[in-house]
Amino acid sequence: MSEVVKVSARDGVAVVEVCNPPVNALSQAVRQGLVDAMARVASDDGIQAAILIGAGRTFPAGADIREFDAPAQEPHLPDVCNAIENCPKPVVACLHGTALGGGYEIALAAHARLATPGTRVGLPEIGLGVMPGAGGTQRLPRLVAVEDALSMILSGAPVDAAKTREKGYVDGIVEGDLASAGITFAKSLVGKPLKPVGARRERFSDGFGYQAAVDAARREAGEDASRARRAIIDCIEAAPLLPFDQGLALERDHFLELRETVEAKALRHVFLATRLAVKPRPDLPEPANVSQVAIFGGGLMGSGITVSCLDAGFSVIVIEQPEALERTRARVGGIYDRAVERGRLSPQMRDERLSRLSVDAEKSAIASADLILEAVPDDRDLKAQLFRDIAAHAKPGAILATNTSYLDVDDLAETSGRPQDFVGLHFFSPAHVQQAMEVVVGRETSALTEATAFAFGNAIKKKPVRSENAEGFIGNRVLTAYRRAADYLLEDGASPSEIDAAMRAFGFKMGPYQVLDMAGLDISWARRKRLGEATAEGTRYVRIGDAMCEAGRFGQKTAKGYYRYEEGSRTPLTDPEATAIIDRERAAKGVTPREISSEEIQRTCLIAMMNEGGKLLDESVAERAGDIDILMILGLGFPREKGGPMKAAELAGLLGQLRDLETWSKEDVFWTPSKALKNAVKNGSQF
Ligand code: 3H9
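Residues numbered from 1 in each chain as written. Predicted model: local features only at pLDDT ≥ 70, side-chain atom pairs only at ≥ 80, totals over all residues. Heavy atoms only, no water.

## Section: the overall build of the protein
- When its secondary structure is counted, the protein shows 27 helices and 17 strands.
- Its C-alpha atoms give the protein a radius of gyration of 29 Å, near enough to 26 Å, the size a compact globule of 687 residues would have.
- Taken along the three principal axes of its C-alpha coordinates, the protein extends 85 × 60 × 50 Å.
- Long-range contacts, defined here as pairs at least 24 residues apart, represent 72% of the contacts in the protein between residues at least 6 apart.
- Entry remark: accessible area of the protein is about 29200 Å², with carbon and sulfur atoms responsible for 51%. (Helix = DSSP H or I, 4+ residues; strand = E, 2+ residues; numbered from the N terminus. Rg over C-alpha atoms; globule rule 2.2 N^0.38 Å. Contact = heavy atoms within 4.5 Å. Areas by Shrake-Rupley, 256 points an atom, 1.4 Å probe, with all protein chains shown as cover.)

## What to know about the pattern of salt bridges
- Tallied over the full model, the rule gives 46 salt bridges.
- Between Asp-381 and Arg-380 there is a salt bridge; the shortest N-O distance is 3.2 Å.
- Judged by its relative accessible area of 52%, Asp-381 falls in the exposed class.
- A residue is classified by how much of its surface remains accessible, and Arg-380, at 34% relative accessible area, is partly exposed.
- Two residues, Arg-553 and Glu-577, come together in a salt bridge whose shortest N-O distance is 3.3 Å. Placement of Arg-553 in the loop between α21 (544-550) and α22 (576-588) and of Glu-577 in helix α22 is noted, with a sequence separation of 24 residues between them.
- Put simply, Arg-281, Glu-623, Arg-624 and Asp-627 are held in one network by salt bridges that share partners. (Salt bridge = Lys/Arg side-chain N within 4 Å of Asp/Glu carboxyl O. Buried < 20%, exposed > 50% of the residue type's maximum accessible area, 1.4 Å probe, protein only.)

## Some points on unusual backbone geometry
- In this model, Pro-21 is joined to Pro-22 through a cis peptide bond whose omega is 5°.
- Tracing the backbone shows Pro-22 in the loop between β2 (13-18) and α1 (28-43).
- Between Ser-429 and the following residue, Pro-430, the backbone shows a cis peptide bond with an omega angle of -10°.
- Its location among the elements puts Pro-430 in the loop between β15 (422-427) and β16 (436-441).
- A positive phi angle is found at Ala-559, which is not glycine, with a value near 65°.
- Inspection of the secondary structure puts Ala-559 in the loop between α21 and α22.
- We note that Ser-620 has phi near 60°; this positive angle belongs to a residue other than glycine.

## Section: the pairing of strand β17 (residues 463-468)
- Note: β16 against β17, six bridges, orientation parallel. Bridge pairing in β17 places Val-441 opposite Glu-468.
- With helix α16 (residues 447-459) bridging β16 and its parallel neighbour β17, the resulting β-α-β unit is right-handed. (Pairing = 2+ DSSP bridges. Right-handed = clockwise from strand over helix to strand, strands pointing away.)

## Points about the sheet that holds strand β5 (residues 98-100)
- With respect to topology, three strands assemble into an open sheet ordered β5-β7-β8, the strand pairing being mixed. The strands lining the two open edges of the sheet, one partner per strand, are β5 and β8 (159-160).

## Observations concerning the side chain of Gln-602
- Among the secondary structure elements, Gln-602 is positioned in helix α23 (residues 598-618).
- On the accessibility criterion, Gln-602 (18% relative accessible area) is buried.

## Focus: the packing of aromatic side chains
- Following the criterion strictly, the structure yields 14 aromatic pairs and no others.
- Geometrically, the ring pair formed by Phe-68 and Phe-255 is edge-to-face, given 5.9 Å between the ring centres and 80° between the ring planes. Pair noted here: Phe-68 is in the loop between β3 (49-54) and α2 (77-85) and Phe-255 is in helix α9 (residues 244-259), with a separation of 187 residues, a long-range link. One exposure class covers both Phe-68 and Phe-255, and it is buried.
- On the numbers, 6.5 Å between centres and 35° between planes, the contact of Trp-525 with Phe-554 is tilted. A residue pair is termed long-range when its members are at least 10 positions apart, and Trp-525 in helix α20 (residues 521-531) and Phe-554 in the loop between α21 and α22 qualify at 29 residues.
- Taking the relative accessible area as the measure of exposure, Trp-525 reaches 18% and is therefore buried.
- By way of ring pairs, the aromatic residues Tyr-482, Phe-506, Phe-508 and Phe-638 are connected into one cluster. (Phe/Tyr/Trp six-rings, centres within 6.5 Å; stacked < 30°, edge-to-face > 60°.)

## Comments concerning the nonpolar core
- Val-16, Leu-34, Tyr-104, Val-121 and Leu-140 are the most contacted members of the largest nonpolar core, which has 71 residues in total.
- When sequence neighbours within four positions are dropped, the list of residues in contact with Leu-140 reads Tyr-104, Leu-108, Leu-123, Gly-135, Ala-149, Met-152, Ile-153 and Tyr-169.
- If you look at the next biggest cluster of nonpolar residues, it comprises 70 residues, including Ala-470, Val-478, Ile-581 and Ile-633. (Core = buried A, V, L, I, M, F, W, Y, C linked by side-chain atoms within 4.5 Å.)

## A closer look at helix α3 (residues 102-109)
- The buried fraction of α3 is high, at eight of eight residues.
- Buried within α3 are the following residues: Gly-102, Gly-103, Tyr-104, Glu-105, Ile-106, Ala-107, Leu-108 and Ala-109.

## Overview of the sheet that holds strand β11 (residues 315-319)
- In spatial order, the strands read β12-β11-β10-β13-β14-β15-β16-β17; together these eight strands make up an open sheet with mixed pairing. Edge positions in the sheet fall to β12 (357-360) and β17, since each has one partner strand and no second. Averaged over all pairs of adjacent strands, the angle between strand axes in this sheet comes to 25°, irrespective of strand direction.
- In this sheet, β11 lies alongside strand β10 (residues 292-296) in parallel orientation, the contact comprising five bridges. When the bridges of β11 are listed, Val-293 appears paired with Val-316.
- Set on the sheet, helix α12 (residues 325-341) makes contact with β11 and β12; between it and β12 the angle comes to about 155°.
- Sheet strands in contact with α16 are β10, β13 (371-374), β14 (399-402), β15, β16 and β17, and its direction is about 150° off that of β17. (Axes fitted to C-alpha atoms, helices over the stretch in contact; angles between N-to-C directions.)

## What about the site of the ligand?
- With respect to spatial proximity, 27 residues lie near the ligand, and among them Arg-57, Glu-105, Glu-125, Arg-275 and Lys-279 are the closest.
- A distance of 3.5 Å separates a nitrogen atom of the ligand from a polar side-chain atom of Arg-66.
- One nitrogen or oxygen atom from the side chain of Glu-125 is found 2.5 Å from an oxygen atom belonging to the ligand.
- When the free accessible area of the ligand is taken as 1000 Å², the share hidden by the protein chains comes to 78%.
- Breaking the shell around the ligand down by element, the ones donating at least two residues are β5, α3, α9 and α10 (262-277).
- Broken down by class, the residue content of the shell around the ligand amounts to 14 nonpolar, five polar and eight charged. (Near = heavy atom within 4 Å. Polar contact = N/O pair within 3.5 Å; in protein donor to acceptor, adjacent residues only side chain to side chain. Nonpolar A, V, L, I, M, F, W, Y, C, P; charged D, E, K, R; others polar.)

## A short note on the domain arrangement of the protein
- When its domains are assigned, the protein resolves into domain 1 (5-259), domain 2 (292-473) and domain 3 (494-593).
- Computed over C-alpha atoms only, the centres of domain 1 and domain 2 are separated by 44 Å. (Domains from an automatic or database assignment.)

## With respect to the environment of Pro-243
- Along the chain, the position of Pro-243 falls in the loop between α8 (227-238) and α9.
- In this structure Pro-243 comes out as partly exposed when scored by relative accessible area, which is 41%.
- Sequence separation between Pro-243 and Gly-198 is 45 residues, and the spatial gap between their C-alpha atoms is 9.3 Å.

## Some details on the pairing of β10
- Counting buried residues in β10 gives four out of five residues, a clear majority hidden from the surface.
- In the classification by handedness, the crossover that spans β10, the intervening helix α11 (residues 300-311) and the parallel β11 is right-handed.
- Relative to β13, β10 is paired through four bridges, and the arrangement is parallel. Looking across to β13, one finds that Ile-295 is bridged to Leu-373.

Spelled out as structure tokens, the structure:
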């Protein structure tokens, strides 16, 4: 018998149980096991019916995503669904947990579907750049209204089966034991004529209404709809028009084609890399218990972190200056009020969360906190003094964390006198929204502190990514390389708006100069001065940013930076004064500006990010290329559908351009190729 699909008989009914933890993904072995089980059900005279059920926490949550990069192996999932649907004896799918993607598709192929309360069903394939490939687009519109089928498949969002019961995603909700209820139900179908879902046409009776819904979805998707979106609409449109088997074949063709697209490869990488990144190292101990959190600083960052902690059920105490206490309360309350106004939170939930918040001016109030985090301005001396004070009040073993974005974590750890308890927790702004979080492990950070930091990050629904202590950690290092490459292009002849437009076309929401204008040019100016970049040897230094600051152009806050802004507006407008500064700086260096294509801008910036990521791997600051990708996507706006800078460079074949980098590096050490990149090229262009 299959290890991953177990068949037992109860009262004349076969219990076909998928046992493939953690989520019962439909791997080749599971598919084979299911086909064999269906053959046994069909041929065994002692069996009258069957139930399909998942062991452990869930019904199958989909096809096994890890198999998608290899050629599809038999039996294919559509074969499994057909074996279920064509079984001469009734098959009842018994759902719990999450029946998603291929998992829900095998349930759709069964003769009936039961679910426990709280079960979520859905076809989330679009989030992976593909579409249902095992009958979802053909069977679902035969069971539910076409509007609901379109909405489920195009949004990819799962629904609560019990709360949407009247829509027909499942046939019944089971309060008691699922398997027993399934067996009873399956037996009630024995001897009755079976109507396979593929043979049903009741939902197609109003042909005009059906087509109108499809047309509306197509209009809404628009001209620029992704390939997956267009294919889904085409297949749902075809469901009533084509014979069932031809509809399935059409869907399968689209699915196999989509599976090979760059976007699908990138999104699969993001899915798997995210899960890998957020896992603590396997050799770490169990984390310490954290229930009370203290946060120093109730500014924008501190308030955002506070909200994340309150949302996760922690008690939070914010320490602020006496005059800022009420402002802190108001800021946190304001974030919740807006959530209530937008219908995302009930007033009761807001009140409950705020009831766990206290604000205090006395540092001694942190005495019972399990984790103490500072989010005060990034000033070394200020933070050092603060950690001396914190160490005096914190209980033994409490975690001490800094939210610094660039200060030396080991240096701050030292000042606390408790370096083993010390860790960097670098959040991205706005902290209650952004999922990215760097866990910066210092020289002396203990394994327990690291484990607790990861557990805390996951508990507050962030995606914690491990970084060693190094200038800029991971995210800001790659971001700096990106900006530097953009500056080179700017000095060589591209305008800020050309560079921004190219990077928006690549998929960033904003280009680098829009972001700089928004964040404030003075911040990166201060950083460059601190690092002495202008005098660094062997590296080209672009002075344009400094010149903007010297002219009082700090970005949106002064209504002028790389662009100019009308009063009260954030729309960037081209500014002849900024252009004159750029021209002057180019002339001072004797640069004759040249035309630079959008494609060259995108490629150069991507190579710079990828190579800097490679250097982070060389230095063991980052553990995996995927970690860099996740941080850049979740924290710094890199387009998800491109897979992050490392994956995007790989998929675009840029690793082969090592020679370009070697040539460029002769004039400018910034472009020195990383060892990780050279290895990747040697090992078949893969990080
Ligand atoms: C599909 O079905 C295509 C078909 O239409 C057509 C085929 C022909 N495969 O997320 P978690 C692993 S496309 C492989 O941390 P949670 C995951 O990597 C698929 N592995 O847990 C992790 O592994 P590890 C459509 C998978 O409780 C572990 O399970 N389905 C898969 O936060 C735990 O995952 C989807 O898109 C998979 N399909 O969330 C559903 N799913 O422990 C994708 C999970 O080694 N899955 N893993 O790191 C999810 O949305 C969430 O995992 C789920 C659980 C909600 C199920």
